[in-house]
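# Coordinate analysis (summary)
Take a look at the letters that make up each chain.
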Amino acid sequence: MYATLFVSLYFEVFLLITFFEKSESSSFAALPAFTPEELPTVAVFIPCWNEESTIVGTLNSLLALNYPKEKLEIIAVNDGSTDNTLAVLKTFESHPQVRIIDKENGGKHSAMNAALSFTKAEIVGCLDADSFVESDALLRIVNHFVSDKDVAAVTPTIKVFNAQSAMQVVQRAEYGLSVFMRNALAHMDSLFITPGPFSFFRRSVILEVGPWRHGHSTEDLEMCLRLQENHKKVTNEPNAIVYTKTPKTTHALFRQRVRWTYGFLKNAIDYRYMFFNPTYGTLGMLVLPMSLISLFSAIFLFSSLIWNTLVFIIQELVRFQTVGLTAPTPQFDIFFINTSVILSIVIVLIILTIVLMGIGKKLAKDSFISYDVPVYMALYGFITPVWLITALYKAVMNTGVRWR
Amino acid sequence: MRTTPWTKYILAFLITAFIFITAIIANNFFNAKRVDQIRSIEEGISIDILSLETQFELLQEQSCKNISEDSILSRELDTLANKLSFAEAQLGADNEEVLRLKRHYSLLEIKDLLLMQKVSDKCNLEPIFLLYFYSNVKGECTDCKRQGYVLTELAKEYPQLRIYSFDYNIDLSAVETLISIQGIQPELPGLVINDVPYSGFQSIEAIKEILPELATLATTTATTTEKTK
């Protein structure tokens, strides 16, 4: 227990030190001023599988991007949809910037590769068909490719679009934490996911390391690990903002997170030689091992909590069986306040997590004062381990996971 | 590929270690305060018992009018027991300081018991004494938890019932002598109800059957009922 808490606290402290160091800023707060000639050609891929309800919004947000029209092409790939997606896409067919590919269903990676073979653009990226971008997002991302020839990939800041259900509100807080994590990991050159919504790549680099792979249903994670394996630079632009529709129900969220965790575990096995390997810098020596340890720590802490709760319930049942229903005697005395080391460290960890979340929200220009943070703190600790355990089981049994 | 300088790993380690050490020092500080508080309560009870003994010896028969069955320190002993049990959970049952406080507490209980018996004889009071012997050794007393629930409920229902609990394995000759005098068997939980020893778990109903006079004691429930009438 002490070791688990020490390791978790160490990682949070390490991330905070890295963030506050900021010896070399990776973000461009001001909008870059480039002439159209200086800007590279860009292609945005939209893999679509049954996206008839959201694809129009996604396409319109891309068409509204602040980027020279002659340098931006949008390639929508209908990946064997069984709904009306293709018909909706065809309404954009006449638009000069939009290309439409219709193919049999083969998974997101196959849709990305189909689009890749269709373009000669210097910079390529993806926007999931349930996401929308701010108009200056692409310009801010491209700025990194223009300013630093070593940059191979750039990730954006992802925010939850129109959170309505309790689960979406919880995810809004969680995405705030992710914004911090992505930024801090970029400072350490240790990003290991280029998320589906609006991550961009230098096409020449993709051709060099190879096209997208299935990657155990997490092609974004596999591609980033492959880039890191090949010592390519992956960075983050916190001011490039993309909004994504998040799962509305607990069941949908559970399925998504099982897929993500399963993908991480299986890719961790595939890329196991990167763990504790100094060749891969901080990513290999700290970030990847810590991500795996955190997963098992969460399962361990959750199991302890469940065990203690069960012991308490059994005790109360025995009490009820022995003396019947009894009213507790309320008493307050500071003598009985628990000051154990474990509880104190857990409180410090919770406070630090809230601080990290606050920094993330500030980076994403969100208000920190929101009810989503307490809801997140109250709920997530209990539901996260459930999908971690499920994903671990599926990974061990090699069952595979489905997208939806 | 960027490599983090080893100084940053060490700095993060030092900060984490500092937070851990601070938590440990703070916990030790609060535990020391708790031990001090328990010691202070024990000293207070000790002085009170000594004072009562002296007062009783000085005034002899005349003192009876000033002494009722619940005038002695049972409530303070209960508070002490709760705090001692919390300290035991925080510091560990094997902690030397906890064991010392527990031995002192057991001695105070025995002194209170003896004094109360003396007072009862001289003043014709009829308090009900219940001695409870338990064990914290794993596997030695599977029913001690349940017996504890029963006695807690009885104490809540009948505040005048005088319950004294003793750790069967405590390293204290006075308790060993008490165990021997009362004829407590190693099959725990062990109870002594008005000088008669009982082995094994006793339910509320069983204890009420052994002690029909409990019915004559005022109960907290009865008091509440009286007030609502």
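Residues numbered from 1 in each chain as written. Chains lettered and ligands numbered in written order. Predicted model: local features only at pLDDT ≥ 70, side-chain atom pairs only at ≥ 80, totals over all residues. Heavy atoms only, no water.

## Side note on the interface of chain B and chain A
- At the interface, 33 residues of chain B touch 41 residues of chain A.
- For the pair chain B and chain A, the two sides together bury roughly 3,500 Å², of which 66% comes from carbon and sulfur.
- In this structure, the connection of chain B to chain A is made through one salt bridge.
- On the surface where chain B and chain A come into contact, there are seven residue pairs in polar contact (both at pLDDT 80 or more).
- Counting residues per element, the side of chain B that touches chain A draws most heavily on helix α1 (residues 6-59) of chain B, at 17 residues.
- Its residues assigned to classes, the side of chain B that touches chain A comprises 18 nonpolar, seven polar and eight charged. (Contact = heavy atoms within 4.5 Å. Buried area = accessible area lost by both parts, 1.4 Å probe. Salt bridge = Lys/Arg side-chain N within 4 Å of Asp/Glu carboxyl O. Polar contact = N/O pair within 3.5 Å; in protein donor to acceptor, adjacent residues only side chain to side chain. Helix = DSSP H or I, 4+ residues; strand = E, 2+ residues; numbered from the N terminus. Nonpolar A, V, L, I, M, F, W, Y, C, P; charged D, E, K, R; others polar.)

## Concerning the nonpolar core
- In this structure, Phe45, Trp212 and Ile345 of chain A are the most contacted members of the largest nonpolar core, which totals 86 residues.
- With ten residues, helix α1 (residues 2-21) of chain A is the single largest residue contributor to this core.
- Not counting the four nearest positions on each side in its chain, Phe45 of chain A is found in contact with Ile75, Met112, Ala115, Leu116, Thr119, Val124, Gly125, Cys126, Leu127 and Trp212 of chain A.
- In this structure, Val35, Leu115, Tyr134 and Cys141 of chain B belong to the second largest nonpolar core, which totals 53 residues. (Core = buried A, V, L, I, M, F, W, Y, C linked by side-chain atoms within 4.5 Å. Buried < 20%, exposed > 50% of the residue type's maximum accessible area, 1.4 Å probe, protein only.)

## A look at the packing of aromatic side chains
- For the structure on display, the rule yields 19 aromatic pairs over all chains.
- Ring plane angle 85° and centroid distance 5.5 Å describe the contact between Phe201 of chain A and Trp212 of chain A, whose orientation is recorded as edge-to-face. Note that Phe201 of chain A is positioned in strand β7 (residues 200-202) and Trp212 of chain A in the loop between α7 (203-209) and α8 (219-229), a separation of eleven residues in sequence. For the pair shown, Phe201 of chain A and Trp212 of chain A are each scored as buried.
- Every member of this aromatic cluster is reached through a ring pair, and the members are Phe6 of chain A together with Phe13 and Phe20 of chain B.
- Over the ring of Tyr371 of chain A we find Arg172 of chain A, and its NZ or CZ is 5.8 Å from the ring centre. (Phe/Tyr/Trp six-rings, centres within 6.5 Å; stacked < 30°, edge-to-face > 60°. Lys NZ or Arg CZ within 6 Å of the ring centre and 35° of its normal.)

## So, unusual backbone geometry
- Note that the residue after Leu188 of chain B, namely Pro189 of chain B, is joined by a cis bond; omega there is 5°.
- Mapped onto the elements of the fold, Pro189 of chain B is located in the loop between α5 (173-182) and β3 (190-193).
- Positive phi, normally seen in glycine, also occurs at Lys365 of chain A, with a value near 60°.
- With respect to the secondary-structure elements, Lys365 of chain A resides in the loop between α11 (341-363) and α12 (372-397).

## A closer look at the side chain of Ser131 of chain A
Residues and elements named next belong to chain A.
- Within the secondary structure layout, Ser131 lies in strand β5 (residues 131-133).
- Here Ser131 falls in the buried class, since its relative accessible area comes to 0%.
- There is a polar contact of 3.2 Å between the side chain of Ser131 and the side chain of Asp130.
- Excluding residues that lie within four positions of it along the chain, Ser131 makes contacts with Thr58, Ser61, Pro197, Val242, Tyr243 and Thr244.

## Quick word on the state of the cysteines
- Enumeration over the complete set of coordinates arrives at one disulfide over all chains.
- A sulfur-sulfur separation of 1.8 Å characterises the disulfide bridge that pairs Cys141 of chain B with Cys144 of chain B. An S-S torsion of about 95° defines the bridge between Cys141 of chain B and Cys144 of chain B as right-handed.
- For the unlinked cysteine Cys126 of chain A, the closest cysteine sulfur is that of Cys48 of chain A, found at 9.6 Å. (Disulfide = S-S within 2.5 Å.)

## Concerning the domain arrangement of chain B
Residues and elements named next belong to chain B.
- According to the domain assignment, chain B contains domain 1 (7-125) and domain 2 (128-229).
- Across the contact, 17 residues belong to domain 1 and 16 residues belong to domain 2.
- Summed over both sides, the interface of domain 1 with domain 2 buries roughly 1,500 Å², with 61% coming from carbon and sulfur.
- Taken together, the connections running from domain 1 to domain 2 amount to two salt bridges.
- Two residues, Arg162 and Asp112, come together in a salt bridge whose shortest N-O distance is 3.1 Å.
- Viewed at the interface, domain 2 and domain 1 are joined by five residue pairs in polar contact (both at pLDDT 80 or more).
- Broken down by secondary-structure element, the contributors of at least two residues to the side of domain 1 that touches domain 2 are α2 (74-91) and α3 (96-123).
- With twelve residues, the single largest contributor to the side of domain 1 that touches domain 2 is α3.
- When its residues are assigned to classes, the side of domain 1 that touches domain 2 shows six nonpolar, four polar and seven charged. (Domains from an automatic or database assignment.)

## Focus on helix α5 (residues 137-147) of chain A
- Among the eleven residues in α5 of chain A, nine count as buried, and that is most of the element.
- If you check which residues of α5 of chain A are buried, you get Ala137, Leu138, Leu139, Arg140, Ile141, Val142, Asn143, His144 and Phe145 of chain A.

## So, the environment of Ser190 of chain A
All names here are of chain A.
- Position of Ser190 among the secondary structure elements: in the loop between α6 (166-187) and β7.
- Setting aside residues up to four positions removed in sequence, Ser190 forms contacts with Leu185, Gln228, Thr282, Leu283 and Val287.
- Side-chain polar atoms of Ser190 contact the backbone nitrogen of Leu283, separated by 3.2 Å.

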